[in-house]
Amino acid sequence: MDYQPLVVPRLPKPAPAKHSADSRYWRSFKSPVFVKEYAPVTSIHFALSKPHRYAVTAATRVHIYAPRTQKIAKTVARFKDVARSGHIRADGKLLVAGDDSGLIQIFDVNSRAILRTLDAHKQPVHVTKFSALDHTQVLSCSDDTTVRLWDVPSQASITTFTAHTDYVRAGQVSPADPHLVLTGSYDGTVRLFDARTGACELRMGVPGSTPAGAGAGTPVEQVLMFPSGTAALSAAGSILRVWDLVAGGRCLRALSNHQKTVTALAFNTGASRLLTGGLDHMVKVYDAATYSVVHTMRYSAPVMCLALSPDETHLAVGMSDGTLSVRRRTPKASEGAPSSDPFSAAALRAGTFESFLGGTLPAIGQPRVKDRTRAKPRGDADEFKVESKRKRRLREYDRLLKGFKYSAALDSALRKQVPPATAFALIRELVYRDGLRTALAGRDDVLLEPILRLLLKYVADPRFGELVCEVSTLVLDMYTPVLGQSPTIDALVLRLRRKVDAELQVQKDLAKVKGALDMLFAFAALSA
């Protein structure tokens, strides 16, 4: 009779901690690099052009980092006061930044030379940004309650918006229309301005309104427009609001997932996910379609700003204690491959007729090359194919069991790559063969340690608990006389005892809860 290999029963697996696709994606941002600045990091901005260098504003300097090395490539320190809102133009050649003296300066990124100086503001300038569509225009928002749109070549202010009544510390030029400007102020309002008329076209949030209103007078810390330009987001206190700009500034949603003030807003490349950072040390990721939180990241200090690189390989977060955290993700090879979807954005932009057909047209007038691969020979229908049965190779522990080497078979099953179900199936087989004591006998502290670690790890697992108790009792009976000779074995036995005591306490508590529930259900049945 041939030897029958060890049969490993299929045991119910404990429910794993389920991570959604979003959670797995954002968890792939690993290996954080921490850089300590001298003051709170107030602004981070990635250049849209490769290699996607990013500007970090802290204290009186703007550092430009290289994403591959995470080292400072350039430092701009020609500021009279605390620097604010370092922003790199889309082509990566110019940098604009303001400071607390009200001065706005435009620098050449490579030479760090000052190209333009804009000095109309009289109080700190907290927002300076290049227009997304018109690269010759710069937006600035100041504590003097004014918002200005500048023409860089002429160094002149195109339009000045004066509708706000308090500090303006959030603003953005519409990514869909270079004439529309969205701003948020400490007067509790979010306003949409038109640079052609200089007037406020929409006002969202009235100071002193009820909490159900748009802002209830809470200072607006950040604003962000969707790429389509039809909707916008604002952060006032711990509340994140979504505004419909097409419907006259109607509030669509109000989200309160942060415990403290929200200080940073950012989209991913496709604007399908929204990232928010707050003073509660949290960075939350929202699904932009449902506005539900799909992932949360915790940091060591209040978050002041955050940015995601255009290729979504770097996530940079600036904190109030001066720490800059940069997490990196290695993109998969499939992400860089061209899409095979005929209706993908790349295919539609190509404008080829073949893309709509889902394939390529046959090459007209070009010679065809015959396939030189030979077809596999096929036999007749009446032929019989004689095959020799291959013997199934036995695993190492099966070969040792077949040779009645019980101790070596147990050692083989205790290796890291062997699943616990297999190890305990082998132990049960040794119990059936009355060979468990033989397998456990004559071991020193080095050979006994893997067994105790296995028992310690799975003593509270309901799949193996009964068998673990039997093996533990046998091990203690055999090795009690030598306890105290090895500190490692003594520590493992002590941990095993504590874990058993803790599990017994849990079972007692569960019994109490079960009894209380039985009483409640019985009372409910009598009442019905």
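Because the structure is predicted, anything quoted here is derived from the model rather than measured.

### Notes on helix α6 (residues 406–413)
Here comes step 1: By the burial criterion, the buried members of α6 are Y406, A409, L410, S412 and A413. For α6, the angular spread of the buried residues around the axis is 160 degrees, confining them to a single face.
Here comes step 2: Buried residues along α6 sit against α5 (396–402), α7 (420–432), α8 (436–440) and α9 (445–458).

### With respect to the nonpolar core
Here comes step 1: Grouped together as the largest cluster of nonpolar side chains are 38 residues, with contacts concentrated most on L410, F424, L426, I427, L430, L452 and V475.
Here comes step 2: Breaking this core down by element, the ones donating at least two residues are α5, α6, α7, α8, α9, α10 (465–479) and α11 (487–527).
Here comes step 3: It is α9 that contributes the most residues to this core, seven residues altogether.
Here comes step 4: Counting residues in hydrophobic clusters, the runner-up holds 17 residues, among them W26, V285, M297 and L315.

### Quick look at the environment of T488
Here comes step 1: You can see T488 is positioned in helix α11.
Here comes step 2: Along the backbone, T488 and V446 are 42 residues apart, and their C-alpha atoms lie at a distance of 9.2 Å.

### Looking at the packing of α9 against α11
Here comes step 1: Contact geometry for α9 and α11: axes closest at 10 Å, N-to-C directions at 15 degrees. One way to sum up the angle between α9 and α11 is to call them roughly parallel. The two elements α9 and α11 meet at a crossing, and its hand is left-handed. For the pair α9 and α11, contact is made by D445, L448, E449, L452, R453, L455, L456 and K457 and by T488, I489, L492, V493, R495, L496 and K499, respectively.
Here comes step 2: In the contact of α9 with α11, the residues fall into eight nonpolar, one polar and six charged.

Conventions used here
Residues numbered from 1 in each chain as written. Predicted model: local features only at pLDDT ≥ 70, side-chain atom pairs only at ≥ 80, totals over all residues. Heavy atoms only, no water. Buried < 20%, exposed > 50% of the residue type's maximum accessible area, 1.4 Å probe, protein only. Helix = DSSP H or I, 4+ residues; strand = E, 2+ residues; numbered from the N terminus. Arc of directions from axis to C-beta. Contact = heavy atoms within 4.5 Å. Core = buried A, V, L, I, M, F, W, Y, C linked by side-chain atoms within 4.5 Å. Axes fitted to C-alpha atoms, helices over the stretch in contact; angles between N-to-C directions. Parallel < 35°, antiparallel > 145°, perpendicular 65-115°, else oblique. Left-handed = near helix turned anticlockwise from the far one by under 90°. Nonpolar A, V, L, I, M, F, W, Y, C, P; charged D, E, K, R; others polar.

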